[in-house]
Amino acid sequence: MPASSITITSEFSGSVVAKGATDDLSASLLKHAGFQQIDDWYGRRHRLPTTTPAADQVAIATHAAEMLRAARYGVDLAPALEMARTSTPAHPLGPYAAGAELLQITDRIRSAENGADLQRAVDHLLHPEHGALERVREALEAAGEQITDLDDEAYALADRFGFASEFVSSAQSELVDFGVELRRVGNAEQPQTETRAHSPKLPDHQGIALATSPAAAKAKVSPAPGVDTARSSAAVRPPHVPGPRQ
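Model, not experiment: these values are computed from the prediction.

J.: Would you mind going over the overall build of the chain with me for this structure?
T.: Tallying secondary structure elements over the chain gives twelve helices and five strands in all. Split into buried and exposed, the 246 residues of the chain put 22% on the buried side. Counting every atom, the chain has about 17,800 Å² of accessible surface; 58% of that belongs to carbon and sulfur.

Written out as structure tokens, the structure is:
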């Protein structure tokens, strides 16, 4: 019968130890996964070499637990050694974490459903103290200062970073008090939007109505009495040609 429980955990020394595998089957599974068997006065236990990299420790421990559970052993695997919990999705931009954060802000901006959502997303860029634009300005300014500290002769390059910092500052000044206006986006424009959405259909409706209306067709054939009748009579009256004088 398989043992009731096998514990795989990390010790303070950093090594990974499996305890409770007292029978040959569980021992062979652990050795197959990569553990080394130790038999001493503490009993039988299995340990990974202390030189095993942390990522390999997780992979081996997880694999061992999967094999033991498949053989119907109960396994208590430390959460830090469970690959499903420790693995994280690959960073979309590799080491450029700041760029990845800005991509998330851009996605939030594009998915905004109203002016309030848009304001909250843009605030991460334009907040005067904590926004990304302010951090970029500070970083450019610091880069220029550091260039000067490292090399007095590189003043031209330092000035370029300083100018770039000033450009960002100018962009910030253009967008002061953006929050109130952004929150109004989409509210005042709604009636005009609806009008624009329906207005192109009006000529089509009018054309259909005139084409199918007997009254409209009659109006085209039979002019209305009054001015239109007089206009019609004048149109058919023969021109007056003066005759010879007697």
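J.: Looking at this structure, how should I read the pattern of salt bridges?
T.: When their charged atoms lie close together, side chains carrying opposite charge are able to pair. The tally for this structure, following the rule as stated, stands at seven salt bridges. The shortest N-O distance in the salt bridge between Arg47 and Glu11 comes to 2.9 Å. Of this pair, Arg47 sits in strand β4 (residues 43-47) while Glu11 sits in the loop between β1 (6-10) and β2 (16-19), placing them 36 residues apart in sequence. We note a salt bridge from Arg135 to Glu138, for which the minimum N-O separation is 3.0 Å. Linking Arg135 with Glu138, this pair stays in helix α6 (residues 132-150), spanning three residues, or about one helical turn. In this structure Arg135 comes out as partly exposed when scored by relative accessible area, which is 36%.

J.: Please explain the environment of Ala121 as it appears in this structure.
T.: Counting through the fold element by element, Ala121 comes out in helix α5 (residues 115-126). For Ala121, a relative accessible area of 1% corresponds to the buried category. Setting aside residues up to four positions removed in sequence, Ala121 forms contacts with Ile105, Arg108 and Ile109.

J.: I would appreciate a short explanation of the pairing of β1 in the present structure.
T.: Regular strands place their side chains on alternate faces of the sheet. Strand direction decides the pairing type here: β1 and strand β5 (residues 75-77), joined by three bridges, are parallel. Across the sheet, residue Ile6 finds its bridge partner in β5, namely Val75. As defined by bridge partners, β1 adjoins β2 across four bridges and the pair is classed as antiparallel. Bridge pairing in β2 places Ser10 opposite Val16.

J.: How do you make sense of a nonpolar patch on the surface when you look at a structure like this?
T.: A grouping of Leu93, Tyr96 and Leu103 is seen on the molecular surface, where their side chains present a nonpolar patch of about 310 Å² in accessible area. Along the chain, Tyr96 falls in the loop between α3 (83-86) and α4 (97-110).

J.: Which parts of the structure should I look at to understand the packing of helix α1 (residues 24-33) against helix α2 (residues 54-70)?
T.: In helix packing, the relevant descriptors are the interaxial angle and the interaxial distance, both defined with respect to the helix axes. Two elements in contact, α1 and α2, have axes separated by 9 Å at closest approach and are oriented at 150°. Looking at the two axes, α1 sits roughly antiparallel to α2. Like other packed secondary-structure pairs, α1 and α2 cross with a definite hand, here right-handed. Facing Ser26, Leu29, Leu30, His32 and Ala33 of α1, the residues of α2 in contact are Ile60, His63, Ala64, Met67 and Leu68. For the contact of α1 with α2, the residue count by class is seven nonpolar, three polar and no charged.

J.: Even after reading the chapter, I still don't get the environment of Leu157, so can you show me in this structure?
T.: Along the polypeptide, Leu157 turns up in helix α7 (residues 155-174). Leu157 sits 14 residues away from Ala143 along the chain, and the two C-alpha atoms are 9.8 Å apart.

J.: Just checking my understanding: could you explain the nonpolar core for this structure?
T.: The nonpolar side chains of a soluble globular protein tend to be buried, and buried together. Of all hydrophobic cores here, the largest spans 22 residues; its most connected members are Ile8, Leu30, Phe35, Leu68, Val75, Leu77 and Leu81. Elements with a minimum of two residues in this core: β1, β2, α1, α2 and β5. In terms of nonpolar packing, the next biggest core, distinct from the first, is built from five residues, Leu118, Leu126, Phe178 and Leu182 among them.

Analysis parameters
Per chain, the residues get numbers from 1 upward, laid out in the order the sequence is written. Residues qualify for local features only when their pLDDT is at least 70, as the model is predicted, and side-chain atom pairs are given and counted only at 80 or more; totals for whole chains, interfaces and linings, by contrast, use all residues. Side-chain figures throughout are based on the complete set of non-hydrogen atoms in the structure, without hydrogens or water. Think of it this way: any DSSP run of H or I at least four residues long counts as a helix, any run of E at least two long counts as a strand, and we number them from the N terminus. Only protein chains enter the accessibility calculation, which uses a 1.4 Å probe; a residue is then buried when its area is under 20% of its type maximum, exposed when over 50%, and partly exposed in between. Per-residue and other accessible areas follow the Shrake-Rupley method at a 1.4 Å probe size, with only the shown protein chains counted as cover for residues. Take a side-chain nitrogen of Lys or Arg and a carboxyl oxygen of Asp or Glu: if they are within 4 Å of each other, that pair is a salt bridge. Note on definitions: a residue-residue contact is assigned when non-hydrogen atoms from the two residues lie within 4.5 Å. When DSSP finds two or more bridges between a pair of strands, those strands are recorded as paired. A patch is a set of surface residues, each over 30% in relative accessible area and not in a salt bridge, joined within 9 Å for like charges and within 5 Å for the nonpolar side chains Val, Leu, Ile, Met, Phe, Trp and Tyr. Between N-to-C directions, angles span 0 to 180 degrees; the directions come from axes that are lines fitted to C-alpha atoms, helices contributing only their stretch in contact. Note on terminology: angles under 35 degrees are roughly parallel, angles over 145 are roughly antiparallel, angles of 65 to 115 are roughly perpendicular, and the others are oblique. Crossing chirality is assigned from the near helix's rotation relative to the far helix, an anticlockwise turn below a right angle marking it left-handed and a clockwise turn marking it right-handed. Just so you know the grouping, Ala, Val, Leu, Ile, Met, Phe, Trp, Tyr, Cys and Pro go in nonpolar, Asp, Glu, Lys and Arg go in charged, and all remaining residues, Gly too, go in polar. Among buried residues, the Ala, Val, Leu, Ile, Met, Phe, Trp, Tyr and Cys ones that are joined through side-chain atoms within 4.5 Å form a nonpolar core.

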